Amino acid sequence: MCGIVGFTGNHQAAPVLLDGLAKLEYRGYDSAGIAIRDGKSNTEIIKEKGKLKVLGEMTDWGNAVRGCCGIGHTRWATHGEPSALNAHPHSSDDENVIAVHNGIIENYQELKEKLSKQGYTFKSQTDTEVAVKLIDYYYKKYNEGPVDCIVRAMLRIRGSYALCVMFKDYPDEIYTARKDSPMIIGIANGETYVASDVPAILKYTRNVYYIGNHEIARLEKGKVTFYNIDREEISKPLTEIKWDAEAAEKGGYEHFMLKEIHEQPKVILDTINSVVQNGQISFESVDLSDDVMRSIRQVYIVACGSAYHVGMAVQYVIEELTSLSVRVELASEFRYRKMSLQDNSLVIIISQSGETADSLAALRSAKKQGVRTLGIVNVVGSSIAREAESVFYTLAGPEISVATTKAYSTQLIAGYLLALQFAKARAEITDERYAQLISEINSIPAKIEKILSDKERIQWFSSKLVGIKDAFFIGRGIDYAISLEGSLKMKEISYIHSEAYAAGELKHGPISLIEDGTVVISVVTQPELYEKTVSNMVEVKSRGANLVGVTTYGNYAMEDTADFVIFVPKIDPLFAGSLSVIPLQLMSYYVSVGKGFDVDKPRNLAKSVTVE
Ligand code: M6R
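As a starting point, this report considers the structure included with it. This is a predicted model, so every value here is computed, not measured. (Residues numbered from 1 in each chain as written. Predicted model: local features only at pLDDT ≥ 70, side-chain atom pairs only at ≥ 80, totals over all residues. Heavy atoms only, no water.)

**Comments concerning the overall build of the protein chain**
So, point 1. The helix and strand tally for the protein chain stands at 20 helices and 27 strands.
So, point 2. Here the C-alpha atoms of the protein chain give a radius of gyration of 25 Å, agreeing with the 25 Å that 2.2 N^0.38 yields for 612 residues.
So, point 3. Here the C-alpha coordinates of the protein chain stretch approximately 75 × 55 × 45 Å along the principal axes.
So, point 4. Taking all 612 residues of the protein chain together, the buried fraction comes to 63%.
So, point 5. Contacts in the protein chain between residues at least 24 apart in sequence constitute 71% of all its contacts with a sequence separation of at least 6.
So, point 6. Element-wise, carbon and sulfur atoms account for 47% of the exposed surface of the protein chain, whose accessible area totals about 22,500 Å².
So, point 7. When the 67 basic and 78 acidic side-chain charges of the protein chain are each reduced to a single mean position, those positions are 3 Å apart. (Helix = DSSP H or I, 4+ residues; strand = E, 2+ residues; numbered from the N terminus. Rg over C-alpha atoms; globule rule 2.2 N^0.38 Å. Buried < 20%, exposed > 50% of the residue type's maximum accessible area, 1.4 Å probe, protein only. Contact = heavy atoms within 4.5 Å. Areas by Shrake-Rupley, 256 points an atom, 1.4 Å probe, with all protein chains shown as cover. Lys, Arg positive; Asp, Glu negative; His and termini not counted. Charge placed at Lys NZ, Arg CZ, Asp CG, Glu CD.)

**Brief notes about the site of the ligand**
So, point 1. Neighbouring residues of the ligand: 14 residues in total, closest S351, Q352, S353, T356 and E492.
So, point 2. Here an oxygen atom of the ligand and a side-chain polar atom of E492 are 2.4 Å apart.
So, point 3. Of all the secondary structure elements, the ones that give two or more residues to the shell around the ligand are α9 (305-321) and α17 (478-494).
So, point 4. For the shell around the ligand, a count of residues per class yields 5 nonpolar, 7 polar and 2 charged. (Near = heavy atom within 4 Å. Polar contact = N/O pair within 3.5 Å; in protein donor to acceptor, adjacent residues only side chain to side chain. Nonpolar A, V, L, I, M, F, W, Y, C, P; charged D, E, K, R; others polar.)

**A short note on the pairing of strand β19 (residues 325-330)**
So, point 1. Sheet topology places strand β18 (residues 298-303) next to β19; 6 bridges connect them, and they run parallel. Along β19, the bridge assignment pairs A303 with L330.
So, point 2. Considered for its hand, the β-α-β crossover made up of β18, α9 and β19 is right-handed. (Pairing = 2+ DSSP bridges. Right-handed = clockwise from strand over helix to strand, strands pointing away.)

**Considering the sheet that holds strand β20 (residues 345-351)**
So, point 1. On the basis of which strands lie adjacent, the open sheet formed by 5 strands has the order β19-β18-β20-β21-β22 and parallel pairing. Because the sheet does not close on itself, it has two edges, and the strands there are β19 and β22 (390-393). Sheet twist, expressed as the mean angle between neighbouring strand axes with direction ignored, is 20 degrees. (Axes fitted to C-alpha atoms, helices over the stretch in contact; angles between N-to-C directions.)

**What to know about the packing of aromatic side chains**
So, point 1. For the structure shown, the criterion picks out 20 aromatic pairs.
So, point 2. Arranged with centres 5.1 Å apart and planes meeting at 50 degrees, the rings of F7 and Y193 form a pair that is tilted. Of this pair, F7 sits in strand β1 (residues 3-8) while Y193 sits in strand β10 (residues 191-195), and the two are 186 residues apart along the sequence.
So, point 3. Geometry around F122 places K133 over its ring, the cationic atom sitting 5.2 Å from the centre.
So, point 4. It is K424 that lies over the ring of Y434; its NZ or CZ is 4.4 Å from the centre. (Phe/Tyr/Trp six-rings, centres within 6.5 Å; stacked < 30°, edge-to-face > 60°. Lys NZ or Arg CZ within 6 Å of the ring centre and 35° of its normal.)

As far as function goes, none of this settles anything; it's purely spatial.
Structure, rendered in structure tokens:
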């Protein structure tokens, strides 16, 4: 979850590192640090608690530190509280080995004890310092070289890591190693970059190498050499990143989240157009044939957080359009369940980052059982994208705000198109209905534009929610799935306690929480369930709730029940979630802004959860 940047070249390294770390701050922001080499063996390590701004000010944004080779880190604490001492880089006592790390070293206690017996002492509470000293130990014991001692350490370490290491004896070089934590390497104009995510280096290069699990790379100026765990040199293909560099900037918006909310019409259209041509879906690029789709009997959708909520909504759509049975599972639970997956199943992993540790582990466990897998992934070349048999890339572009909006929306679209293609391949839909649903999906971008054009009204209402302590979101069917997402958005960036309930569950307990003024937000877009949910709204209203309704134009009677109603354009109810979620995103955004919070970097959270 932390952010890593490294650079070796002809320019000063510190400004490059700080610039890259600023682009990665969404990965962690409780402390930051850099280590810079001056071409000889002198190294300066500067690190501090707090956001990157603190480090930036300490170093005049890198201009005060001289040297053309360095590594940097922005931290999301796992082992040890956020502090300057626990911040990365960490070093051996003689600064022979200096490193930054993303991931978790599970057996760090055992390794620490081993090293303590060899006379090593530890200043920090981190697992990273243990890794650094383990590498130092092997370096000195065997006197072989950087790749060899890193490999020896990799063979002892259990857990996940992306490591960038510098050795005193190799002043212009950086060594990297990776297992289950993302890292990419880029080269341009005789200079070499390494980072845990694309936005950090996009400004400098679009040509990147993906370093694989259990691989090591030696970075020199303008050159990179890869090795496998047997220390043999290996070659790797260069991949071109197609993302637009500007897409990773705020582009005039106050926050990335607002910018990303506004990008939704475009990225949804891009995602649709990636597989729909002339009114027909083609899954050639996804590598999922109609024959395979016909052979599937059971679908498992496995994901975390918002991606799990997408799965909840898509479940209803697949079940409505096909005879397939669908189960939606939290990846963190699925991976440890003793579940025997049925033959002819498809396990769909949904993940923006493609690096979420639990989702990746769930994918691997499905593959172990021999079940077919499909990733719905945003980040090209990420671990899930590489390991799943088929991949449907959402074209959301770089999503920087920790709270997902545009990636979530493109995942929904991918799910709809998948459901529709299943129905078509299995001959469970008429041509007319198929054509009508494609046209409805195509109408989503313009309808979202319409909702966004009226955002001031939502902003006005949101300002009244700034002081609330609790919020409840209710809905049935797809509306329940969207309520889950609305509630997560509200809690993650506004720090308001919020819960989502299937509306029919209220009477089984939660209704006792409703008192005068409690905010209840009801999503009501499904015609068949409209009256049922309105009854639940009336029940909470009569117990004092401050009621908000999100419904479709035409349902004007809702204004007699709710205190504030947000209307969204009409659409086939199967896809209504793509519209009703927009006001909920805006509402949580404006509440967070109203409370003066750091919308894009909510406390305790990181964008990509690469540890369990
Ligand atoms: O990268 P992923 O899609 O796998 O991430 C899954 C969740 O961590 C993510 O959706 C998280 O819940 C978001 N912060 C929600 O806004």
